[in-house]
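# Secondary and tertiary structure notes
The lines below spell out each chain.
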Amino acid sequence: MSKPKIVGIYLAAGKSTRFENNKLFATFKNKPLGSIGLEAAIESKLDEIIIIIRPGDKLNWTTKQIKLSKTRWIKKECTEAYKGQSYSLKCGLTLAEKLGADAIVVLLADQPFVTPKFIDRLIESFYKNSKSYFIGTIGLICPPILISSNLFSKIYEIEGDRGASEIIQAEKKNGLFLKKDSHDLYTFFDVDTKTDFEKLKQLY
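Presented here is an overview of the structure given in this document.

Each helix and strand in the protein was counted, giving 7 helices and 9 strands. In terms of overall dimensions, the protein is globule-like: its C-alpha atoms have a radius of gyration of 16 Å, near the 17 Å expected for 204 residues. If one aligns the C-alpha atoms of the protein with their principal axes, the spans along those axes are about 40 × 40 × 35 Å. When each of the 204 residues of the protein is scored for burial, the buried share is 51%. Of the roughly 10100 Å² of accessible surface on the protein, a fraction of 50% belongs to carbon and sulfur atoms. Once the 32 positive and 24 negative side-chain charges of the protein are each reduced to a mean point, those two points are 2 Å apart.

A few words on the packing of aromatic side chains. Where two aromatic rings form a pair, the distance of their centres and the angle of their planes describe that pair. Applying the stated rule across the entire model yields 6 aromatic pairs. On the numbers, 6.2 Å between centres and 85 degrees between planes, the contact of Phe-28 with Phe-113 is edge-to-face. With a gap of 85 residues between them, Phe-28 in strand S2 (residues 27–28) and Phe-113 in the loop between strand S6 (103–108) and helix H4 (116–128) connect regions that are remote in the sequence. Among the residues examined, Phe-28 registers a relative accessible area of 3% and is labelled buried. Ring centres of Phe-118 and Phe-188 lie 5.5 Å apart, and the angle between their planes is 90 degrees; on these two criteria the pair is classed as edge-to-face. Within this pair, whereas Phe-118 is found in helix H4, its partner Phe-188 is found in the loop between strand S9 (176–178) and helix H7 (194–203), the two being separated by 70 residues in sequence. For the residue pair Phe-118 and Phe-188, the accessibility class agrees, reading buried in each case. Just above the ring of Tyr-87 sits the side chain of Lys-90; from NZ or CZ to the centre is 4.5 Å. The ring of Phe-19 has Lys-194 lying over it, and the distance from NZ or CZ to the ring centre is 5.1 Å.

According to the stated counting rule, one finds 10 salt bridges in the structure shown. Lys-31 is paired through a salt bridge with Glu-39; the nearest N and O atoms lie 2.6 Å apart. With relative accessibility at 29%, the residue Lys-31 sits in the partly exposed group. Under the relative-accessibility criterion, Glu-39 is labelled buried at 6%.

Conventions and cut-offs
- Residues numbered from 1 in each chain as written.
- Predicted model: local features only at pLDDT ≥ 70, side-chain atom pairs only at ≥ 80, totals over all residues.
- Heavy atoms only, no water.
- Helix = DSSP H or I, 4+ residues; strand = E, 2+ residues; numbered from the N terminus.
- Rg over C-alpha atoms; globule rule 2.2 N^0.38 Å.
- Buried < 20%, exposed > 50% of the residue type's maximum accessible area, 1.4 Å probe, protein only.
- Areas by Shrake-Rupley, 256 points an atom, 1.4 Å probe, with all protein chains shown as cover.
- Lys, Arg positive; Asp, Glu negative; His and termini not counted.
- Charge placed at Lys NZ, Arg CZ, Asp CG, Glu CD.
- Phe/Tyr/Trp six-rings, centres within 6.5 Å; stacked < 30°, edge-to-face > 60°.
- Lys NZ or Arg CZ within 6 Å of the ring centre and 35° of its normal.
- Salt bridge = Lys/Arg side-chain N within 4 Å of Asp/Glu carboxyl O.

These figures capture arrangement, not role.
Structural data, given as structure tokens:
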């Protein structure tokens with residue numbers, strides 16, 4: 001029996017309103033912020049990765065490594081991204097379903113501490129527990145998170161600037177929560193403001 005197909009959805013279409021300019025270009029570890037999590041996704045066991053971007057985004061915030069890995073990802077412009085995160089997520093899901101995804105891993109472009117190892121933990125856990133509606137981390141219902149096809153139809157019901165947290169909360173009994181390990185300390189840290197970015201540099 002073949003393994004389930006797992007597709008990453010990398011949400012990079014936000015307006016960066018609270019950051020005051022496009023945070024994907026902010027330099028961290030000598031790289032554009034938006035490229036760091038994407039490199040982790042490319043190095044992981046994800047079968048394919050969909051990068052959700054705003055119309056007109058030329059992906060100038062990506063690195064040479066990412067550009068050379070074109071066979072690993074597909075870019076998808078979301079014309080309704082300005083309405084909120086749910087529209088970017090649904091845009092990615094539509095393409096993921098066309099690709100035959102059995103599950104998606106939702107990733108945010110402003111989480112630079114996400115590692116291939118963490119993404120692979122989600123994937124390997126799903127291989128062993130493919131009946132799970134989702135796989136997340138204890139105490140946290142937020143990306144990075146794996147969502148199986150059992151919940152795809154419900155994702156299309158989300159509106160506005162929201163993710164899938166309410167759906168996950170309602171289906172907690174059907175999901176799996178992984179324990180945090182010593183490497184997960186800052187995995188879920190995301191950069192919304194300039195203050196967050198300064199804290200990020202201090203953490204690093």
